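Structural overview for review
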Amino acid sequence: DAGVIQSPRHEVTEMGQEVTLRCKPISGHNSLFWYRQTMMRGLELLIYFNNNVPIDDSGMPEDRFSAKMPNASFSTLKIQPSEPRDSAVYFCASSLYGENTEAFFGQGTRLTVV
Amino acid sequence: EDKVVQSPLSLVVHEGDTVTLNCSYEVTNFRSLLWYKQEKKAPTFLFMLTSSGIEKKSGRLSSILDKKELSSILNITATQTGDSAIYLCAVEGGTYKYIFGTGTRLKVLA
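Residues numbered from 1 in each chain as written. Chains lettered and ligands numbered in written order. Predicted model: local features only at pLDDT ≥ 70, side-chain atom pairs only at ≥ 80, totals over all residues. Heavy atoms only, no water.

Here we come to the overall build of chain B. Broken down by element type, chain B carries 0 helices and 11 strands. In terms of overall dimensions, chain B is globule-like: its C-alpha atoms have a radius of gyration of 13 Å, near the 13 Å expected for 110 residues. In terms of its C-alpha atoms, chain B occupies a principal-axis envelope of roughly 45 × 25 × 20 Å. Taking all 110 residues of chain B together, the buried fraction comes to 45%. Within chain B, contacts between residues at least 6 apart in sequence are counted, and of these 54% link residues at least 24 apart. (Helix = DSSP H or I, 4+ residues; strand = E, 2+ residues; numbered from the N terminus. Rg over C-alpha atoms; globule rule 2.2 N^0.38 Å. Buried < 20%, exposed > 50% of the residue type's maximum accessible area, 1.4 Å probe, protein only. Contact = heavy atoms within 4.5 Å.)

Here we come to the overall build of chain A. When its secondary structure is counted, chain A shows 0 helices and 11 strands. Secondary structure elements of chain A occur, N-terminal to C-terminal, as β-β-β-β-β-β-β-β-β-β-β. Relative to its length of 114 residues, chain A is compact, with a C-alpha radius of gyration of 13 Å against a globular reference of 13 Å. Residues counted as buried form 48% of the 114 residues belonging to chain A. Contacts in chain A between residues at least 24 apart in sequence constitute 54% of all its contacts with a sequence separation of at least 6. By element, 49% of the accessible surface of chain A is carried by carbon and sulfur atoms, the whole surface being about 5600 Å². For chain A, the separation between the mean place of its 10 positive charges and that of its 13 negative charges on side chains is 4 Å. (Areas by Shrake-Rupley, 256 points an atom, 1.4 Å probe, with all protein chains shown as cover. Lys, Arg positive; Asp, Glu negative; His and termini not counted. Charge placed at Lys NZ, Arg CZ, Asp CG, Glu CD.)

With that settled, consider the sheet that holds strand β1 (residues 5-7) of chain A. Working definition: the strands of a sheet are paired by backbone hydrogen bonds and lie parallel or antiparallel to each other. Residue and element names in this part refer to chain A. Spatial strand order, β1-β3-β8-β7: 4 strands in an open sheet with antiparallel pairing. In this open sheet, the two edge strands, each paired with only one partner strand, are β1 and β7 (65-71). Adjacent strand axes in the sheet meet at a mean angle of 15 degrees when their direction is disregarded. With 5 bridges joining them, strand β3 (residues 19-24) and strand β8 (residues 74-79) adopt antiparallel strand pairing. Bridging across to β8, R22 finds its partner in T76. (Pairing = 2+ DSSP bridges. Axes fitted to C-alpha atoms, helices over the stretch in contact; angles between N-to-C directions.)

Residues and elements named next belong to chain B. The 5 strands lie next to each other as β1-β3-β8-β7-β6, forming an open sheet whose pairing is antiparallel. Because the sheet does not close on itself, it has two edges, and the strands there are β1 (3-7) and β6 (56-58). For this sheet, the mean angle separating the axes of adjacent strands, direction not counted, is 15 degrees.

Another point: the state of the cysteines. Residue and element names in this part refer to chain A. Under the defined criterion, the tally for this structure stands at 2 disulfides over all chains. For C23, the disulfide goes to C92, at an S-S distance of 1.9 Å. Of note, the bridge from C23 to C92 carries an S-S torsion of about -65 degrees and is left-handed in sense. Here the residue C23 occupies a position in strand β3, and C92 occupies one in strand β9 (residues 88-95), the gap between them amounting to 69 residues. (Disulfide = S-S within 2.5 Å.)

A separate point is unusual backbone geometry. In this structure, P8 of chain A follows S7 of chain A across a cis peptide bond, with omega equal to -10 degrees. If you trace the backbone, P8 of chain A turns up in the loop between β1 and β2 (10-13). At the junction of Q80 of chain A and P81 of chain A, the peptide bond is cis and its omega measures out at -5 degrees in the coordinates. Of note in the backbone geometry, N51 of chain A takes a positive phi value of approximately 50 degrees without being a glycine. Structurally, N51 of chain A can be placed in the loop between β5 (42-50) and β6 (53-56). Backbone geometry at Y96 of chain B places phi at a positive 60 degrees, although glycine is not the residue there. Here Y96 of chain B shows up in the loop between β9 (85-92) and β10 (98-100).

Shown next, in the form of structure tokens:
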């Protein structure tokens, strides 16, 4: 398996623009997580899905953030409108729900909002 | 609310030294504690611990869980420059989500 695949790897955008980050989980995994990593706050869980259904979105910072998982092999995280403070590395991870296994991470998307 | 605290926040040692990284947690319905290593990109999995007192080992790295003290340690012996990284601790609780600490940034000098 190719692992968790994220795109794009880098994104630079202007404040106010819409940003969409994409994730393909490992085939067969039924839990998917979106994290944001900054120096100040570390790795924060934004939202997680189980069997394509959002289970906990309490980490989503504001209404400007939204996430979808239309099927088992694809998820998006959208920021609209983007702000400079959204600059961070966004990771997607997947795992097998309830199986006491680790989460596997994608390579991340480095977002810079100018 | 589930919480993970790691210490120290950062550490600088010389090659050959032994280091101990700490992780303490509060979680409802504990399922597992995990350690990851993060170099420049994605965190990579090191260990999963579910039972107290059972040491997990991989080469120069080892880890143990103390469920009574709600904590875990990660030991690295005979450190090498390639061990320089951020070491992340995470817990999985009854909500089946992984909550991470802010990590310990380790730098090993030649």
